[in-house]
Structures are given as structure tokens and as C-alpha cells.
Amino acid sequence: MLAIIDYGVGNLFSLSRSLEYLGVECQVTRSLNELKAADRIILPGVGAFGDARKKLEELSLVEPIQELAASGKPFLGICLGMQLLFDKSEEFGEHQGLGLIPGRIVSMREAFDAANIDLKVPQIGWNRLDVRKSDSPLVKSLRENDFVYYVHSYYAADCQEHLVADSEYGVSIPGIVQNKNVFGTQFHPEKSGDVGLNILKAFTEVPV
């Protein structure tokens, strides 16, 4: 059983429908017992980092998530869910992350302004995903020039050691990251067509 964490932030319907399309049994839940019983866990997310962190705290999910990830279960963060995996975020002040992947979340607008880059923020739309570590299980089905769908204004920095794949949008945008059994995608695999479905399928096949 795969569990999708429901903490009031995230596009749960399209994600669960994508998994059902793949024939994967999944459960949307915030129950600790159900999360502990799951073989794999997905943390989705849209919106602001600080608000999402606060909701995890209100539901007493921060430490359980950290413990579940430390247990070795395959764990995937999607979009804001990926950003929450990092040490901290600079979105509207400084906020602590889950500390599951070293690095920080920074402003795309500030990076563009500092480098005089004239691109729209947020990045909304399709972008090519370039694989940097081909031994990661999430990219086993990816091909050259595969595109995925992004919607974000902040991105991960200082995480080169854990970078699996990135996209070029003025700067290098980490698209897939991995720290052992903990994975993250900045893009939305559930909105990325067959490429995204293949990535989700690959996650469901990571050995438990």
C-alpha cells in the first residue's frame, strides 16, 4: 500500500488518479497508524512553505515523517512537498524544513534579479529534464529530451551532492533529488504526461 499524506496542502485528486491509472493501490491519509503501515509514502504540496510547515506541525506530523523517512521506506516529496524535505526555506522569512535532504529553498526572483536574467516568475510550463545521476531508480525510464511540467517560484540550492536531474530556467533548477530512500521532484509528475507517469511508476518499484 502507498500512502499519500493529506495535510490540507496538495493536489491529492490528480495524484491519486495517476497512481490508480498505474494500478497502484493508494490511500490518502493523515493517520499515523496508516502511514506506518504503508510500504511507500508521498508528501505532495502546493502553496507557501511556511503555511505548509505550520499545517504539518498542527497535525503533529513533523517528527513522524522524519521517523518514517529514517526507517528506510521509499519517500517522495512532490513540488512544495519536495521543498519541505530540505533544511530550510527563505520564502517569506526563514522557515525550518524537515531536514531530510541537505540544502535550502531560495527565491527564483532574487536569483534572476542578481544575475540580470529576464524570465517570468513563477516558472509555469514544460521544461526539459536533464539527468545527472543515471543510477537513481527514479530516472531509469527517462530519455534524452523528456519534458516535465513545473509550477514554482522558489527552488532548491546547495544540494549538488543529491541532484539527480535538473532543468535550465535561467539557473539550474533541481528537478529530481535523492538522499538514500528519500526522493523529491520539483515538477508535478501527475501533470507531466507519460514521462511523469513513468517516474511515479519507478517510485512504486523502488525496493522496500
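Residues numbered from 1 in each chain as written. Predicted model: local features only at pLDDT ≥ 70, side-chain atom pairs only at ≥ 80, totals over all residues. Heavy atoms only, no water.

(A) Summary view of the UniProt feature "active site" (unreviewed entry) in the protein. Under the feature "active site" (unreviewed entry), the UniProt entry names Cys79, His188 and Glu190. Despite a sequence span of 112 residues, these residues sit close together in the fold, their greatest C-alpha distance being 10.8 Å. Tracing the backbone shows cysteine 79 in the loop between β4 (75-78) and α5 (80-83). Cysteine 79 gets classed as buried once you look at its relative accessible area, which sits at 6%. With residues up to four places along the chain from it excluded, the contact list for cysteine 79 reads Gly45, Val151, Thr185, Gln186, Phe187 and His188. Along the chain, histidine 188 falls in the loop between β14 (182-185) and α7 (193-204). (UniProt positions renumbered as here; feature names shortened; annotations may be inferred. Helix = DSSP H or I, 4+ residues; strand = E, 2+ residues; numbered from the N terminus. Buried < 20%, exposed > 50% of the residue type's maximum accessible area, 1.4 Å probe, protein only. Contact = heavy atoms within 4.5 Å.)

(B) Molecular detail of the nonpolar core. Of all hydrophobic cores here, the largest spans 37 residues; its most connected members are Leu19, Ile42, Leu129, Ile176 and Ile199. Setting aside anything within four residues of it in sequence, one finds leucine 19 in contact with Leu2, Ile4, Val24, Cys26, Ile42, Leu200 and Thr204. If you look at the next biggest cluster of nonpolar residues, it comprises 31 residues, including Leu43, Leu98, Val177 and Val182. (Core = buried A, V, L, I, M, F, W, Y, C linked by side-chain atoms within 4.5 Å.)

(C) Region of the structure containing helix α4 (residues 62-70). The set of residues buried in α4 consists of Val62, Pro64, Ile65, Leu68 and Ala69. When α4 is viewed along its axis, its buried side chains cluster within an angular range of 165° and face the same direction. Along α4, the residues that are exposed and aim more than 90 degrees away from the buried face are Glu63, Glu67 and Ala70. In this structure, the buried residues of α4 make contact with β1 (2-5), α2 (32-37), β3 (40-43), α3 (49-58), β4 and β14. Immediately downstream of α4, the backbone of glycine 72 shows phi near 100°, a positive value. (Arc of directions from axis to C-beta.)

(D) Broad picture of the sheet that holds strand β11 (residues 154-157). Across the sheet, 4 strands lie side by side as β6-β5-β7-β11; this open sheet has mixed pairing. This sheet does not close on itself; its edge strands, each paired only once, are β6 (95-96) and β11. Where strand β5 (residues 86-89) meets strand β7 (residues 101-107), 3 bridges bridge the pair, whose relative direction is parallel. Note that in β7 the partner of phenylalanine 86 across the bridge is isoleucine 101. Running at roughly 70° to β7, helix α6 (residues 108-115) makes contact with β7 and β11 of the sheet. (Pairing = 2+ DSSP bridges. Axes fitted to C-alpha atoms, helices over the stretch in contact; angles between N-to-C directions.)

(E) Representation of the UniProt feature "domain: Glutamine amidotransferase" (unreviewed entry) in the protein. The positions that UniProt labels "domain: Glutamine amidotransferase" (unreviewed entry) are, in the present scheme, residues 4-195. The span residues 4-195 is 26% helix and 34% strand, and its two end C-alpha atoms sit 20 Å from each other.

(F) Expanded view of the sheet that holds β4. In spatial order, the strands read β2-β1-β3-β4-β14-β13-β12-β9; together these 8 strands make up an open sheet with mixed pairing. The outermost strands of the open sheet, each flanked by one partner alone, are β2 (26-29) and β9 (130-131). Here β3 runs beside β4; their pairing, made up of 3 bridges, is parallel. Residue pairing in the sheet places isoleucine 42 in a bridge with leucine 76 of β4.

(G) Up close: the pattern of salt bridges. The final tally for this structure, using the stated rule, is 11 salt bridges. Close ionic contact of aspartate 158 with arginine 104 constitutes a salt bridge, the shortest N to O distance being 2.5 Å. Of this pair, aspartate 158 sits in the loop between β11 and β12 (163-169) while arginine 104 sits in strand β7, and the two are 54 residues apart along the sequence. You can call aspartate 158 exposed: its relative accessible area is 56%. The salt bridge partner of arginine 128 is aspartate 130, with a shortest N-O separation of 2.9 Å. (Salt bridge = Lys/Arg side-chain N within 4 Å of Asp/Glu carboxyl O.)

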